[in-house]
Amino acid sequence: MVIEQALTEGTRIIRESGAGETPLLDASLLLCHTLDITRVQLYTRGKETLSPDQKRRFLSLVEKRKNHVPVAYLTNTREFYNRDFYINEDVLIPRGDTEILVETSLELLDKAGNRDRTVLDMCTGSGCVGITIALENSDSWVTLSDISTKALKVAQTNISRLKASNATCIESDLFESMKERRFSLICTNPPYIAPQWYEQCSLQVKREPQLALIDDSPDGLDIIRKIIRQSPLHLHTNGYLVIECDYRQIGEAMRLLREEGFCEITAHRDLGDRQRVVSGRYSCTRN
Ligand SMILES: C[S@@+](CC[C@H](N)C(=O)[O-])C[C@H]1O[C@@H](n2cnc3c(N)ncnc32)[C@H](O)[C@@H]1O
């Protein structure tokens, strides 16, 4: 079997299984991973023959993809903000829409000017948000926190691989291990899928850790409520809180921020033009 035949066969198997909407892309990524080549080489070296071992490994990955295992878990990598992050089944697969959380955080850090640039990426998972901020703004000091020891191992791997020397990890249930620590900016993409929404999720999404996705309350906002209520104790005066949530939760998240004394409350749109990120500045001095 030559490369172009493998690509055609892999694409066919994935398409006929109904797993995912991008069978050609998925088969390409799995084949590149198996052969350790780029996507351009896939086409320029199309007539090269796969060794029996390469063929076996490729078809085994295609079989797993057919059973709805996401490509990122099979290749152990996902691109986020133009960098490759190490990914495994212990973490959420970074989403393109989450780049808005990064963009907003970087803009607000710039706006804050020269004061101390301590950032907390709460619910960090793979570390994609906090590590990107650390690398894009080398004056920042970024703490990555998560309740999951396994997720933090992945985040630590990404810190090392991407050489983010201004980022560190801490295990914490929300703010529990933060003691008196305060930050200039707290950003977070917490679990916010309500149980009834989770039922509608694809089999592929259901392969991702439930701990990363589900908030057990009927409106999916319990964790966000806790973060908004507790963050004033961990923000410097004029510090920013930036939260990703579902577009259906934006109104309530903005109301909660207002209730807690935040100002400059703003909703930010994702790539699909939906309001998905909300930010606010904590100006009160009473905490
Ligand atoms: C939606 S994922 C976000 C991962 C990553 N920040 C991203 O955007 O791709 C949510 C993360 O929150 C973590 N988490 C869930 N409950 C938590 C809690 N009570 N305290 C801290 N982290 C929590 C999960 O382990 C998971 O890694």
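Participant: Tell me about the overall build of the chain, and please be specific about residues and values.
Facilitator: Broken down by element type, the chain carries twelve helices and nine strands. Compactness check: the chain gives a C-alpha radius of gyration of 21 Å against a globular reference of 19 Å for 287 residues, within 12% of the reference. Here the C-alpha coordinates of the chain stretch approximately 70 × 40 × 35 Å along the principal axes. Here the chain holds 287 residues, and the buried ones make up 53% of them. Put simply, of all contacts in the chain between residues at least 6 apart along the chain, 65% involve residues at least 24 apart.

Participant: How would you summarise the pairing of strand β1 (residues 77-80) if you had to cite specific residues and measurements?
Facilitator: Bridge analysis of β1 against strand β2 (residues 83-86) gives four bridges, and the strand direction is antiparallel. Opposite Phe80, over in β2, you have Arg83 as the bridge partner.

Participant: Break down unusual backbone geometry for me, with residues and values.
Facilitator: Phi is positive for Lys163, close to 55°, though the residue is something other than glycine. The residue Leu174 is not glycine, and still its phi comes out positive at about 45°. When you line up the elements, Leu174 lands in the loop between β5 (167-171) and β6 (183-188).

Participant: Describe the pattern of salt bridges, with residues and values.
Facilitator: Tallied over the entire structure, the rule returns 21 salt bridges. Of the charged contacts in the structure, one is a salt bridge between Arg12 and Glu9, with a shortest N-O distance of 2.9 Å. Of this pair, Arg12 and Glu9 both sit in helix α1 (residues 3-17), three residues apart, roughly one helical turn. The exposure class assigned to Arg12 is partly exposed, which follows from its relative accessible area of 36%.

Participant: Break down the packing of aromatic side chains for me, citing the residues and quoting the values.
Facilitator: Following the criterion strictly, the structure yields two aromatic pairs and no others. Measuring from ring centre to ring centre gives 6.1 Å for Phe80 and Phe85, while their planes differ by 80°; the resulting arrangement is edge-to-face. The exposure class assigned to Phe80 is buried, which follows from its relative accessible area of 0%. Directly above the ring of Tyr198 sits Lys206, whose terminal nitrogen or CZ lies 5.5 Å from the centroid. Here the basic side chain of Arg274 rests over the ring of Tyr247, its NZ or CZ set 4.0 Å away from the ring centre.

What counts, and where the lines are drawn
Residues numbered from 1 in each chain as written. Predicted model: local features only at pLDDT ≥ 70, side-chain atom pairs only at ≥ 80, totals over all residues. Heavy atoms only, no water. Helix = DSSP H or I, 4+ residues; strand = E, 2+ residues; numbered from the N terminus. Rg over C-alpha atoms; globule rule 2.2 N^0.38 Å. Buried < 20%, exposed > 50% of the residue type's maximum accessible area, 1.4 Å probe, protein only. Contact = heavy atoms within 4.5 Å. Pairing = 2+ DSSP bridges. Salt bridge = Lys/Arg side-chain N within 4 Å of Asp/Glu carboxyl O. Phe/Tyr/Trp six-rings, centres within 6.5 Å; stacked < 30°, edge-to-face > 60°. Lys NZ or Arg CZ within 6 Å of the ring centre and 35° of its normal.

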